Amino acid sequence: MTVNLESSTVDVHLQTPSGDVSVGQFSLNDGQVTGTDRRGITYRGTCTPMPDGGLNVELMASVPAGTRIGESKVTETDAEQKLAFHLNQEQVAGQQTKAILLSGFGSADVRFEVR
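Each value, and the rule that gives it
- Residues numbered from 1 in each chain as written.
- Predicted model: local features only at pLDDT ≥ 70, side-chain atom pairs only at ≥ 80, totals over all residues.
- Heavy atoms only, no water.
- Helix = DSSP H or I, 4+ residues; strand = E, 2+ residues; numbered from the N terminus.
- Rg over C-alpha atoms; globule rule 2.2 N^0.38 Å.
- Buried < 20%, exposed > 50% of the residue type's maximum accessible area, 1.4 Å probe, protein only.
- Contact = heavy atoms within 4.5 Å.
- Areas by Shrake-Rupley, 256 points an atom, 1.4 Å probe, with all protein chains shown as cover.
- Lys, Arg positive; Asp, Glu negative; His and termini not counted.
- Charge placed at Lys NZ, Arg CZ, Asp CG, Glu CD.
- Salt bridge = Lys/Arg side-chain N within 4 Å of Asp/Glu carboxyl O.
- Phe/Tyr/Trp six-rings, centres within 6.5 Å; stacked < 30°, edge-to-face > 60°.

Engineer: For this particular structure, what's the right way to read the overall build of the chain?
Structural biologist: A count of helices and strands for the chain gives one helix and ten strands. For the chain, the α and β elements follow one another from N to C terminus as β-β-β-β-β-β-β-β-α-β-β. Rg of the C-alpha trace for the chain: 14 Å, near the compact-globule value of 13 Å for 115 residues, within the 12% margin. In terms of its C-alpha atoms, the chain occupies a principal-axis envelope of roughly 40 × 30 × 20 Å. Buried positions account for 36% of the 115 residues belonging to the chain. Sequence-distant contacts in the chain: of pairs separated by 6 or more residues, those separated by 24 or more amount to 36%. Entry remark: accessible area of the chain is about 6700 Å², with carbon and sulfur atoms responsible for 47%. Side chains of the chain carry 9 positive and 14 negative charges; the gap between the two charge centres is 6 Å.

Below is the structure:
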């Protein structure tokens, strides 16, 4: 699958035992990624095509104070975290999930759906 890096929308879903949960919708414009997830965490960064047909993604996650972690924990201060990962062709096409770690929140299997 070829991703239009000039202008695309990416729906991100968290895979859970009870089914997919929408994380949020992100914009991809001229290789720049922006969006906010359902918890209010803002992501900004870049998406670079690779020769294998995949994408290298580098994001800065801005986590606001008061963000809920699980059932009973809440972040106390604003924080930023850098995320960097590679999506292979199947992951870009939404056919495979990608395990992504956000420190303090844990790892999650995430599926990307590019439109």
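Engineer: Would you explain the pattern of salt bridges in this entry?
Structural biologist: Pairs can form between side chains of opposite charge once their charged atoms are near each other. Tallied over the entire structure, the rule returns three salt bridges. Across the pair Arg115 and Asp11 runs a salt bridge, and its minimum N-O distance is 2.8 Å. Of the two residues, Arg115 is situated in the segment after strand S10 (106–114) and Asp11 in strand S1 (residues 8–16); the sequence distance between them amounts to 104 residues. Of the charged contacts in the structure, one is a salt bridge between Arg111 and Glu113, with a shortest N-O distance of 3.5 Å. Ionic contacts of the salt-bridge type, sharing partners, join the residues Asp20, Arg111 and Glu113 into one network.

Engineer: Please explain the packing of aromatic side chains as it appears in this structure.
Structural biologist: Two numbers describe a pair of aromatic rings. These are the distance of the centres and the angle of the planes. Summed over all chains, the structure comprises two aromatic pairs. Here Phe26 and Tyr43 contribute two aromatic rings whose centre-to-centre distance is 5.6 Å and whose plane-to-plane angle is 70°, an arrangement assigned as edge-to-face. With Phe26 in strand S2 (residues 19–29) and Tyr43 in strand S4 (residues 42–49), this pair connects stretches of sequence that are 17 residues apart. As far as burial versus exposure is concerned, Phe26 and Tyr43 are alike and both buried.

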